[in-house]
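Overview (structure and organization)
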Amino acid sequence: MNKLWVRMQHQGPVREKEKRGKERNELRDLVGKNLHVLSQIEGVDLDMYKETVLPRILEQVVNCKDDLAQFYLMDCIIQVFPDEYHLQTLETLLSAFPQLQPSVDIKTVLSQLMDRLSNYAASSPEVLPEFLQVEAFAKFSNAIGKVIEAQPDMPVVGAVTLYVSLLTFTLRVHPDRLDYVDQVLGACVKKLSGKAKLEDSRATKQIIALLSAPLEKYSNIVTALELSNYPRVMDYLDNATTKVMAVVIIQSIMKNTTCISTSDKIEALFDLIKGLIKDMDGAQDDELDEEDFKEEQNSVARLIHMLHNDDHEEMLKILCTVQKHILLGGPKRLTFTVPSLVFSALKLVRRLQGQDGDVTGEDVPATPKKIFQILHQTIEALSCVPSPELALRLYLQCAEAANDCDLEPVAYEFFTQAFILYEEEIADSKAQITAIHLIIGTLQRMNIFGVENRDTLTHKTTGYSAKLLKKPDQCRAVYACSHLFWTDDQDGIMDGERVLLCLKRALRIANAAQQMANATRGSSGSVTLFIEILNKYLYFFEKGIPQITNTVIQDLIELIRTEQQSDNAVADPSTEAFFSSTLRYIEFQKQKGGNIGEKYEQIKTSS
């Protein structure tokens, strides 16, 4: 019947080709049914199938030399006979593949056979020993090698598709055999060797499937990092696809919260995701989509937080490895990656707090001092971006950590760097306001500085505050500096004189702002600044600073009232509400009684 089926294609006049095609389809179904009936006959057991049925059928298939018939018949054999028969006759069945016509779509038939057998393996663990017994993996691997060899014109996508099927089969049947998985990847590398980066989109898609399969199976990138051929396969992807694959790898780590805990593994991982870490050869800057770039770099930043080891020495090695890679990433990436590295390093500093900080030299154990040196170099790299505001924030974070580790010289150095940035790099007035308040806030929390160092830093800070561009900003920064001279710590600074000086200076600036508003706009400016200063006075009054008396507060209340009632004053509901609530607070404290209540008794709130 098969011979008749094949013969029909080549017989009869050309004009009846369509009619013949229809008849041929009908006969094809009959051939398929015959095979189906053959598989159902009672006497056809495994031995008979092995000895008689399969060899005879394959003989027909190979000899008919018709690509359509060969594809159909091989497909029929795989579909109609039981999985167990295929497993036990694997060698015989696979030996027919290299003998088929070059135009037969062998990859589809072979893939179906592997899919069927991998489903069979997954259906029952008892059959797994049979797979090992018949050496299924080695036979498939060998057969695919022979098929690719027999068809030198096979396109790359066909070969890679075969390896994807083989890898899927291996991961389902022998998930514990990493050497098999690596062997498949190695065979793929061999097939691709000598070729440039892939430009065929279908082949690229198959390579991504090949690389994604181990990630999905093991849910652990660490396992994939043990495959020596994994990065070698990635090298054949073009730059854009390398990035896509790198994002897939990072997403896998995030999804499975994989902790990567040795510097060697991180070295291997960064080699895999190098498409995101640094500019690839030949990549054009103008090709970069800003949104995509941000998303990619944010994923790298998140990844840095996933790298962890409880052993301090190993964690330090990890930090050095990460630093080495991200500093080579070019200025565009640093603003995303440096903060993550800094905070990872500071986490280690907190763990090491209180350890000996005076060990120096090359191979020193992990100490806060050594980590601060790494941090200093890392933040310094931001100067080439340039990103002074970010660098300043990071210097201040490090200064605070050095304060907690009792390393005064280190903390002072970080502050010095922050001040240099403020003076030389930060020119925008809004950025200056933010920076000065950050500096004040950080300095206020520092308790490590001796008198001389602290005086230098506070003097600088108050000086910068008074030099801001706008008077209201000057005023707010100067009254914020008052907190630098009075802290509630046990050994804290308590200098009432200088607190009062700061507040008086803020008042003078507020006054000057009022006069300028009068001169330029013909109406006095808002009295909000005076009310804000009044609130600062009340804060320090409750702290018990002797220089701030109820008389001083009373005078300030009267001053605000006078300003509000002057002819030039402009009514501002929000300012009036602010003043009213401040006065209500004073009344509330009086009614509460106790020590604070007594102090407030002398202050009159009603006009």
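Residues numbered from 1 in each chain as written. Predicted model: local features only at pLDDT ≥ 70, side-chain atom pairs only at ≥ 80, totals over all residues. Heavy atoms only, no water.

For the protein chain, the name recorded in an unreviewed UniProt entry is Vacuolar protein sorting-associated protein 35, with Panicum virgatum as its organism. The protein chain has a UniProt comment under Sequence similarities (unreviewed entry) that states "Belongs to the VPS35 family." (UniProt positions renumbered as here; feature names shortened; annotations may be inferred.)

A word on the environment of Leu-192
Tracing the backbone through its elements, the reader meets Leu-192 in helix H11 (residues 178–192). Since its relative accessible area comes to 1%, Leu-192 is described here as buried. Leu-192 sits 44 residues away from Tyr-236 along the chain, and the two C-alpha atoms are 7.6 Å apart. If near-sequence neighbours (up to four positions away) are discounted, Leu-192 is found in contact with Val-156, Val-160, Leu-198, Ile-207 and Tyr-236. (Helix = DSSP H or I, 4+ residues; strand = E, 2+ residues; numbered from the N terminus. Buried < 20%, exposed > 50% of the residue type's maximum accessible area, 1.4 Å probe, protein only. Contact = heavy atoms within 4.5 Å.)

Regarding unusual backbone geometry
A positive phi angle is found at Glu-135, which is not glycine, with a value near 55°. With respect to the helices and strands, the residue Glu-135 is situated in the loop between helix H8 (128–133) and helix H9 (136–150). A positive phi is found at Thr-257, a non-glycine position, where the angle reads about 40°. The residue Thr-257 is located in the loop between helix H15 (239–255) and helix H16 (263–272) in this model.

Considering the packing of aromatic side chains
Following the criterion strictly, the structure yields 17 aromatic pairs and no others. Where Tyr-49 meets Tyr-85, the ring centres are 5.1 Å apart and the plane angle is 35°; that geometry is what we call tilted. A residue pair is termed long-range when its members are at least 10 positions apart, and Tyr-49 in helix H3 (residues 46–63) and Tyr-85 in helix H5 (residues 83–88) qualify at 36 residues. For Tyr-49, a relative accessible area of 0% corresponds to the buried category. The rings of Tyr-412, Phe-415, Phe-419, Tyr-422, Phe-449 and Tyr-464 are connected pair by pair, giving a single aromatic cluster. One Lys or Arg, Arg-177, reaches over the ring of Tyr-180 and ends 4.1 Å from the middle of that ring. Positioned above the aromatic ring of Phe-541, the side-chain terminus of Lys-599 is 4.8 Å from the ring centre. (Phe/Tyr/Trp six-rings, centres within 6.5 Å; stacked < 30°, edge-to-face > 60°. Lys NZ or Arg CZ within 6 Å of the ring centre and 35° of its normal.)

With respect to helix H23 (residues 408–424)
Compared with the 24 Å implied by 1.5 Å per residue over 17 residues, the 24 Å span of H23 between its first and last C-alpha is a close match. For H23, every residue scored as buried is listed here: Val-410, Ala-411, Phe-414, Phe-415, Gln-417, Ala-418, Phe-419, Leu-421 and Tyr-422. (Expected span 1.5 Å × (residues − 1).)

A short note on the confidence of the model for the protein chain
Per-chain confidence: the protein chain averages 85 in pLDDT, with 91% of residues scoring 70 or above. Summarising per-element confidence for the protein chain, the mean pLDDT is lowest in helix H1 (residues 2–10) (58) and highest in helix H26 (residues 471–481) (95). Counting contacts from residues 356–362, a segment whose pLDDT is below 50, to residues more than four positions away or on other chains yields 8 contacts. (pLDDT = per-residue confidence, 0-100.)

Some details on the pattern of salt bridges
Should the charged atoms of two oppositely charged side chains come close, the side chains can pair. A full pass over the atoms with the stated rule returns 16 salt bridges. Close ionic contact of Asp-455 with Arg-498 constitutes a salt bridge, the shortest N to O distance being 3.5 Å. Highlighted residues: Asp-455 in helix H25 (residues 451–466) and Arg-498 in helix H27 (residues 496–521), separated in sequence by 43 residues. For Arg-498, a relative accessible area of 28% gives the class partly exposed. A single network of salt bridges, built from pairs that share partners, joins Asp-235, Asp-271 and Lys-274. (Salt bridge = Lys/Arg side-chain N within 4 Å of Asp/Glu carboxyl O.)

Concerning helix H20 (residues 331–352)
Compared with an ideal rise of 1.5 Å per residue, which puts 22 residues at 32 Å, H20 spans 31 Å between its outermost C-alpha atoms and is within 8% of the ideal. Most pronounced at Thr-337, the bend in H20 amounts to some 40°, and the proline Pro-339 follows within four residues. (Bend = angle between axes of the 7 residues up to and from the residue.)

Considering the nonpolar core
Generally speaking, soluble globular proteins have nonpolar side chains that are buried together. In terms of nonpolar packing, the biggest core is built from 195 residues, with Ile-221, Tyr-230, Ile-249 and Phe-372 touching the most fellow members. Here this core takes 12 residues from helix H10 (residues 156–173), the largest share from any one element. Beyond its immediate stretch of four places on either side in the chain, Ile-249 contacts Leu-215, Ile-221, Tyr-230, Met-234, Leu-269, Leu-272 and Ile-273. (Core = buried A, V, L, I, M, F, W, Y, C linked by side-chain atoms within 4.5 Å.)

Focus: the environment of Pro-386
Relative to the helices and strands, Pro-386 is located in the loop between helix H21 (368–380) and helix H22 (388–404). Of the residues examined, Pro-386 reaches a relative accessible area of 54% and is grouped as exposed. Once the C-alpha coordinates of Pro-386 and Ala-401 are considered, the two residues, 15 residues apart in sequence, prove to be 24 Å apart.

What to know about the packing of helix H29 (residues 550–565) against helix H30 (residues 573–592)
Across the interface, H29 lies against H30 with an axial gap of 12 Å and an inter-helix angle of 155°. Classified by the angle between their axes, H29 and H30 sit roughly antiparallel to one another. Crossing of H29 over H30 shows left-handed handedness. Facing Ile-557, Ile-560, Arg-561 and Gln-564 of H29, the residues of H30 in contact are Glu-576, Phe-579, Leu-583 and Ile-586. Class assignment of the residues belonging to the contact of H29 with H30 gives a composition of 5 nonpolar, 1 polar and 2 charged. (Axes fitted to C-alpha atoms, helices over the stretch in contact; angles between N-to-C directions. Parallel < 35°, antiparallel > 145°, perpendicular 65-115°, else oblique. Left-handed = near helix turned anticlockwise from the far one by under 90°. Nonpolar A, V, L, I, M, F, W, Y, C, P; charged D, E, K, R; others polar.)

Regarding the side chain of Glu-532
Mapped onto the secondary structure, Glu-532 falls in helix H28 (residues 528–543). Contacts of Glu-532, omitting those with residues within four sequence positions, involve Arg-476, Tyr-479 and Phe-578.

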